[in-house]
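If you want the building blocks of each chain, they are given just below.
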Amino acid sequence: MDTPTLYTERLILRPLELTDAEAIQRLFPHWEVVRYLNALVPWPYPADGALTYLRDNALPAMARGEEWHWSIRLKSAPGQLIGNISLMNEQDNNRGFWLAPKWQGQGLMSEASAAVTGYWFKTLGRSVLRVPKAALNIGSRKLSQRTGMRLIGTDEGDFVSGRLPREIWEITREEWLQQR
């Protein structure tokens, strides 16, 4: 199944393409964006990091139907990528995202998350969505709380900024449907 373009009130979520590499390379490698991401993200970010990630990881996983990756774009400026949101078919790691600092704090990630969570439950028919995050990532934690997720576990994880306390948040399909 091809990853579809999704629309929200203010956003267009377009499936990632190799041509997105330049915009990602420009917006992504900033400490405030990457510090709470999984330590698998190379840091310092290499000059070809976005191209390598798209070509070798994201696009092949999309082609295999294991992951779904979207660029985040404003409807008012559809040619400009401002972030990325993804769904992954992994144990305890089903959604991840980043948004360039200029666009943070405007509720845009809440919109994007609602759209892809709906895709996860309605289109893909999944029964549970789990999201790991650095406990220090207050913005991500608040988004999980606002969207009806609950904390189900804590441990430690390796992030770009080092080994940190980690939280696992969850929402079931039934809980999500009750919010509709």
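The structure under discussion appears in the preceding block.
What you see is a predicted model, and the numbers here were worked out from it, not measured in a lab.

K.L.:
Could you give an account of the side chain of Ser 113, with specific residues and numbers?
P.N.:
Along the chain, Ser 113 falls in helix H4 (residues 108–123). For Ser 113, a relative accessible area of 1% translates into the label buried.

K.L.:
Before we move on, can you summarise the packing of aromatic side chains with the specific residues and values?
P.N.:
For any pair of aromatic rings, the description consists of the separation of the ring centres together with the inter-plane angle of the planes. What the rule picks out here adds up to six aromatic pairs. Both rings, one in Phe 28 and one in Trp 98, keep their centres 5.2 Å apart while their planes meet at 65 degrees; by these two values the pair is edge-to-face. Pair noted here: Phe 28 is in the loop between helix H1 (21–27) and helix H2 (31–34) and Trp 98 is in strand S5 (residues 93–99), with a separation of 70 residues, a long-range link. The pair formed by Phe 28 and Trp 98 is uniform in burial state, with each residue classed as buried.

K.L.:
For the environment of Glu 167, give the residues involved together with the corresponding values.
P.N.:
Topologically, Glu 167 is positioned in strand S8 (residues 162–172). In this structure Glu 167 comes out as buried when scored by relative accessible area, which is 8%. C-alpha of Glu 167 to C-alpha of Leu 136: the two residues are 31 residues apart in sequence and 9.4 Å apart in space. Not counting residues within four places of it along the chain, the set of residues in contact with Glu 167 comprises Val 131, Pro 132, Lys 133, Ala 135, Arg 141, Leu 151, Gly 153 and Thr 154. Within the local environment of Glu 167, its side chain forms a polar contact with the side chain of Trp 169, the two groups lying 2.9 Å apart.

K.L.:
Kindly report on the pairing of strand S4 (residues 77–90), identifying the contributing residues and their values.
P.N.:
Pairing analysis gives eight bridges linking strand S3 (residues 67–74) to S4, with the strands arranged antiparallel. Pairing of Glu 67 across the sheet is with Met 88, part of S4. The turn linking S3 back onto S4 is made up of two residues. As paired strands, S4 and S5 are joined by six bridges and run antiparallel to one another. Note on S5: the bridge partner recorded for Leu 87 is Arg 95. Between the antiparallel neighbours S4 and S5 lie two residues, among them Asp 92 with a positive phi of about 60 degrees.

K.L.:
Can you lay out the nonpolar core for me, pointing to particular residues and giving the numbers?
P.N.:
One recurring pattern in soluble globular proteins is that nonpolar side chains are buried together. Counting 47 residues, the largest nonpolar core has Leu 13, Phe 28, Trp 70 and Ile 72 as its most contacted members. When neighbours within four sequence positions are excluded, Phe 28 is seen to be in contact with Val 33, Val 34, Leu 37, Val 41, Tyr 45 and Trp 98.

K.L.:
Quick one: what's the story with the side chain of Glu 170, residue by residue and with numbers?
P.N.:
The residue Glu 170 is located in strand S8 in this model. Take Glu 170: its relative accessible area is 6%, and that puts it in the buried class. There is a polar contact of 2.6 Å between the side chain of Glu 170 and the side chain of Arg 130. In contact with Glu 170, not counting residues within four places along its chain, are Val 128, Leu 129, Arg 130, Met 149, Arg 150, Ile 152 and Glu 175.

The rules behind the values
Residues numbered from 1 in each chain as written. Predicted model: local features only at pLDDT ≥ 70, side-chain atom pairs only at ≥ 80, totals over all residues. Heavy atoms only, no water. Helix = DSSP H or I, 4+ residues; strand = E, 2+ residues; numbered from the N terminus. Buried < 20%, exposed > 50% of the residue type's maximum accessible area, 1.4 Å probe, protein only. Phe/Tyr/Trp six-rings, centres within 6.5 Å; stacked < 30°, edge-to-face > 60°. Contact = heavy atoms within 4.5 Å. Polar contact = N/O pair within 3.5 Å; in protein donor to acceptor, adjacent residues only side chain to side chain. Pairing = 2+ DSSP bridges. Core = buried A, V, L, I, M, F, W, Y, C linked by side-chain atoms within 4.5 Å.

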